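Summary of structural features
Single-letter residue listing:
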Amino acid sequence: PLCVPNIDKKELKSAEKVIKSGWLTDGPKNAEFEKTFAAYIGTKRAVSLNSCTSALQLALEALSIKGEVILPSFTFVASANAIVKAGARPVFADIDYKTCNIDPHDVERKITKRTQAIMVVHYGGQACEMDRIIAIAKRRNLSVIEDSAETLGGTYRGRKTGSFGIGCFSFFPTKNITTGEGGMLVTESDEIADRVKALAAHGISRSTYEREKAKNPWYREAFTAGYNYRMSSILAAIGIEQLKKLDGMNRKRRANAAYLNRRLVFPELEMPFEGANSFHVYQMYTVRTKGINRDEFISGLREKGVMASVHFTPPVHMQRYYARTYNYGKGDLPVTEDVSDRIVTLPMYPGLTRKELDYIVRSVEHVVNNMRRGRKKCR
């Protein structure tokens, strides 16, 4: 399989305790998860939510951003959807070929008088060049939002992703930790955190658990029109246990990636790149094809039981809604389009055994050799 979540008895026991406690939503386990998560990232506050998409949207709404937001097109569509749903306009920038992260040079080129924020997406476990992004943002008075859905535990110059701007994280089953569904927003600002927390709970500033400690716990007033983006306390309990294992799971991901890097030496493939200032946590392990048909390569692996996939194709600017609504077309982001046509995601998760890793290598070798023979016949 492409990914297998690392869930054991500790998560099950913790979830069971919450179910028996009666506090199933936005209770004490949420507060505990938020506190430990903020401490791990190195930020003042964290707010637990139902998804990273909600975190991205609420970050923009808390900042009152309604203008242009620059982001990479080489991302899951949720990054752009959050911008649209917050009432802002996405502006797509190209990526750096090696890292697959947003290209700071293209960010500068895309800034206009309507630009209000930069949304970086730390791709597949590797941090963006945050020094350059922060310098641009300060010079142009722009907010920075980090979509760190794929890079929990990753660092840039020793500093955790998510701690440079407003950080947004995902706990989907394929991510470095999982709660099934869920997300987290982190920030240094009490004002932003309080506003996000209220927006996520119908615009009401205090949770039911917090109101129970007040004189009149039944008094509920909304200061704005909000949503129901809260995280279940059951999921928060699972997240607490997952976070305890995160660094160990990331070490295993890195060891698995290093093994594949040593073994997958084929002229038809380009290996993953790790920047000198980054600590890559390999939420995904991606290679790029050279001189062979990418889709045929993936189909061959899947026939062998290696469930390879693609992240991401088509890039967001070429997806129907965004291409039509914002007038994008083929050739607008050449690096993004080239990478999107050739990238392949191979299985990566902490529980991969040496036997399974060797099977991936043998399967890749088998498919590549078959494709070589096919090319010779065509000649």
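Residues numbered from 1 in each chain as written. Predicted model: local features only at pLDDT ≥ 70, side-chain atom pairs only at ≥ 80, totals over all residues. Heavy atoms only, no water.

**Observations concerning the overall build of the protein**
Of the regular secondary structure elements, the protein holds 13 helices and 13 strands. With the principal axes as the frame, the protein shows a C-alpha extent of 80 × 55 × 35 Å. Counting all 379 residues of the protein, 55% fall into the buried class. Sequence separation of at least 24 residues holds for 71% of the intrachain contacts in the protein that already meet a minimum separation of 6. (Helix = DSSP H or I, 4+ residues; strand = E, 2+ residues; numbered from the N terminus. Buried < 20%, exposed > 50% of the residue type's maximum accessible area, 1.4 Å probe, protein only. Contact = heavy atoms within 4.5 Å.)

**Describing the packing of helix H1 (residues 9–21) against helix H9 (residues 233–263)**
Describing two packed helices takes the angle between their axes plus the distance from one axis to the other. The geometry of H1 relative to H9 is characterised by a closest axis approach of 8 Å and an angle of 150° between their N-to-C directions. Between H1 and H9, the crossing angle belongs to the class labelled roughly antiparallel. Here H1 runs over H9; the crossing is right-handed. Residues Lys 10, Glu 11, Ser 14, Ala 15, Val 18 and Ile 19 of H1 touch H9, and the partners they reach there are Ser 233, Ile 234, Ala 237, Ile 238, Glu 241, Gln 242 and Lys 245. Among the residues forming the contact of H1 with H9, the class breakdown is six nonpolar, three polar and four charged. (Axes fitted to C-alpha atoms, helices over the stretch in contact; angles between N-to-C directions. Parallel < 35°, antiparallel > 145°, perpendicular 65-115°, else oblique. Left-handed = near helix turned anticlockwise from the far one by under 90°. Nonpolar A, V, L, I, M, F, W, Y, C, P; charged D, E, K, R; others polar.)

**Considerations on the sheet that holds strand E2 (residues 68–72)**
Read across the open sheet, the seven strands follow the order E1-E9-E8-E5-E4-E2-E3; overall the sheet is mixed. Every interior strand has two partners, whereas the edge strands, strand E1 (45–49) and strand E3 (89–93), have only one. The mean angle between the axes of side-by-side strands here comes to 20°, regardless of whether they run parallel or antiparallel. Relative to strand E9 (residues 183–187), E1 runs antiparallel, the two sharing five bridges. When the bridges of E9 are listed, Arg 45 appears paired with Thr 187. Here helix H7 (residues 190–199) sits on the sheet and contacts E1, strand E8 (166–170) and E9; the angle it forms with E1, its principal contact strand, is near 15°. (Pairing = 2+ DSSP bridges.)

**Observations regarding the pattern of salt bridges**
Counted according to the given criterion, the structure contains 22 salt bridges. Here Glu 241 and Lys 244 are joined by a salt bridge, their closest N and O atoms 3.2 Å apart. On the criterion of helical spacing, the pair formed by Glu 241 and Lys 244 is a turn pair, its members being three residues apart in helix H9. The buried category is assigned to Glu 241, whose relative accessible area is 12%. Salt bridges sharing common partners tie together Lys 44, Arg 45, Asp 190 and Asp 194. (Salt bridge = Lys/Arg side-chain N within 4 Å of Asp/Glu carboxyl O.)

The analysis is restricted to geometry; functional conclusions fall outside its scope.
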